[in-house]
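One letter stands for each residue in the lines below.
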Amino acid sequence: MGWALGVDLGGTAVKVSAVEPSRGLIGHERHPTELGSGPDGIVRQIALLVSALYGRFAEKLGPSLFLGTGVGAPGAVDRQREMLSYPPNLPGWERFPLRSALERELALQGVPPSPVFIDNDANTAALGEARFGAGCRYRDFMLVTLGTGVGGGIILDRQLYRGAYGTAGEIGYLTVDYRGESVHAGVRGTVESLIGKQQIVARALGRYREQPRALWNEAVHGEELQCLSPRTLEKAARDGDRVAQRIWNEVGSILGVGLAGVVALMDIRSFVIGGGISGAGDLIIGPAREQLLGSTLPSMHEGLDIVPAELGNQAGVYGAAALCFG
């Protein structure tokens, strides 16, 4: 049946896992990303981690059954040349031939010749949920990741849909308020510019400061709201804080408008919501579902479904390994 190694490359951490199709994740490591070493240094770091994990499992699982290494990375991936372009939170990369560089470094670290696959990290997370998580029940769905930014990956007929240039699924750049004041990456009124992590916090700070100080919920957010975060907003909302509840209702509604655009354009009816901010659960999914119904035609309502992701922060490594499974 085979096994593979999956790598999730981020600006904070490099995660590497050994994965089998039948058993799922069987070994995992997480290390801080060596940002100061630049692209070549980070590729060397990945190769060392892959080599170490390969050494741990090759004898046990069989070197002849090793299917290769998959990598999920932020930024656009040119699938013809396997070029990673302008990854956020990886300074100095711009356009970098990640696949060929990693193949060379793996050879230097003694990993036997084997395929290396590269894809966008939201795509690998979607593939992970499709093969091992909440997406198993759907033939077609979209994964939406809510965190520092808003990303997405599309699964059609159980396969990743990447688009002509590899950027399909970037729901965070979908414009939902073209006259709005929020701007991200030079584009006005996008989903990410409205409900990325920093934007949620800024929205909440503004709303609290419009209220009498007695409503600031200082026991949760701090005396000067200095501890305010999506996590404290969730706690406050569940404790009955109406300001926090309104914030989550707005976040879910904005997400629902974005999902409605996907339904109208692609007739995708199923959505899996992941990422750190998705931990707010029903506080987001409830208003998102309500807005989705209100922003689509009745003829589009059959089969609409929004569910939380199941793999958490491991979706990326699951999906990166699954790139090797075919």
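For every chain, the first residue of its written sequence is number 1, and the numbers climb from 1 along that sequence. pLDDT decides what is reported in this predicted model: residues at 70 or higher carry local features, side-chain atom pairs at 80 or more are listed and counted, and totals for whole chains, interfaces and linings draw on all residues regardless. Calculation of side-chain values draws on the structure's entire complement of heavy atoms; hydrogens and water are dropped beforehand.

## Considering the overall build of the protein
For clarity, the cut-off: Every helix listed is a DSSP run of H or I at least four residues long, and every strand listed is a run of E at least two residues long, numbered separately from the N terminus. Put simply, the radius of gyration uses C-alpha atoms, and a globule should come to 2.2 Å times the residue count raised to 0.38. Exposure classes here rest on a 1.4 Å probe applied to the protein chains alone. A residue is buried below 20% of its type maximum, exposed above 50%, and partly exposed in between. Any pair of residues with heavy atoms lying within 4.5 Å of one another is described as a contacting pair. Only the protein chains shown count as cover for residues, and all accessible areas are computed by the Shrake-Rupley method using a 1.4 Å probe.
From N to C terminus, the protein includes 10 helices and 15 strands. Its C-alpha atoms give the protein a radius of gyration of 21 Å, within 12% of the compact-globule value 20 Å for 326 residues. Once the C-alpha set of the protein is aligned to its principal axes, its extents read approximately 65 × 50 × 35 Å. Looking at the protein as a whole, 54% of its 326 residues are labelled buried. Taking all contacts inside the protein whose residues are at least 6 apart in sequence as the whole, residues at least 24 apart take part in 61%. Of the accessible surface of the protein, which amounts to about 14900 Å², a share of 50% is contributed by carbon and sulfur atoms.

## Observations concerning the packing of aromatic side chains
For the record, the criterion: To pair, rings of Phe, Tyr and Trp, with the six-membered ring standing in for Trp, must have centres within 6.5 Å; the planes then decide the type, stacked if under 30 degrees apart, edge-to-face if over 60, and tilted in the middle.
One pass over the full model with this rule turns up 6 aromatic pairs. Look at tryptophan 93 and phenylalanine 96: their rings are 5.0 Å apart centre to centre, the planes differ by 65°, and that puts the pair in the edge-to-face class. Exposure remark for tryptophan 93: the relative accessible area of 3% places this residue in the buried category. Aromatic side chains tyrosine 138 and phenylalanine 141 sit 6.1 Å apart centroid to centroid with 50° between the ring planes, which places their arrangement in the tilted category. Grouping residues by exposure puts tyrosine 138 and phenylalanine 141 together as buried. Taken together, the ring pairs connect Trp3, Tyr54 and Phe66 into an aromatic cluster.

## So, the environment of alanine 73
Here alanine 73 is to be found in strand β4 (residues 66-73). The buried category is assigned to alanine 73, whose relative accessible area is 0%. Each residue touching alanine 73, except ones within four places of it in the same chain, is listed here: Leu9, Leu84, Leu98, Asp119, Asn120 and Asp121.

## Observations regarding the confidence of the model for the protein
As a reminder, the rule being used: Known as pLDDT, the predictor's per-residue confidence is scaled from 0 to 100.
Confidence along the protein averages 93 in pLDDT terms, with 99% of residues attaining 70 or more. Here strand β12 (residues 183-184) stands out as the element of the protein with the lowest mean pLDDT, 82, in contrast to helix α9 (residues 282-294), whose mean of 98 is the highest.

## Notes on the environment of leucine 25
Here leucine 25 lies in strand β3 (residues 24-32). Taking the C-alpha atoms as reference points, leucine 25 and threonine 175, 150 residues apart in sequence, are found 37 Å from one another.

## Considerations on the environment of arginine 99
Applicable threshold: Counted as a polar contact is a pair of N or O atoms within 3.5 Å, where, for protein atoms, one must be capable of donating a hydrogen and the other of accepting one, and residues adjacent in sequence contribute only when both atoms are in side chains.
Tracing the chain through its elements places arginine 99 in helix α2 (residues 98-108). Sequence separation between arginine 99 and valine 71 is 28 residues; the distance between their C-alpha atoms is 8.8 Å. Setting aside residues no more than four positions away along its own chain, arginine 99 makes contact with Glu82, Val116 and Ile118. In this structure the side chain of arginine 99 is engaged in a polar contact, spanning 3.4 Å, whose partner is the side chain of glutamate 82.

## Side note on helix α7 (residues 230-238)
The condition is simple: Of all possible arcs, the one meant is that of the directions from the helix axis to the C-beta atoms.
Listed as buried for α7 are Pro230, Thr232, Leu233, Ala236 and Ala237. For α7, the arc enclosing every buried residue in end-on projection is 160°, short of the 170-degree limit, so these residues lie on one face. Looking at the buried residues of α7, the elements they touch are α5 (197-209), α6 (218-221), α8 (242-266) and α9. Glycine 240 sits one or two residues past α7 and shows a positive phi near 100°.

## Side note on unusual backbone geometry
Positive phi is not limited to glycine here, since glutamate 94 has a value of about 50°. On the secondary structure map, glutamate 94 appears in the loop between β6 (83-85) and β7 (95-96). Classification of glutamate 94 as exposed rests on a relative accessible area of 52%. Positive phi, normally seen in glycine, also occurs at aspartate 157, with a value near 50°. If you trace the backbone, aspartate 157 turns up in the loop between β10 (150-156) and β11 (159-161). Classification of aspartate 157 by relative accessible area gives partly exposed; the value is 47%.

## Digging into the sheet that holds β7
So the rule is basically this: The pairing criterion for strands is at least two bridges between them, as found by DSSP.
Spatially, β5-β6-β7 is the arrangement adopted by the 3 strands of the open sheet, whose pairing is antiparallel. Bordering the open sheet on either side are β5 (76-78) and β7, each of which pairs with just one other strand. Pairing analysis gives 2 bridges linking β6 to β7, with the strands arranged antiparallel. Looking across to β7, one finds that leucine 84 is bridged to phenylalanine 96.

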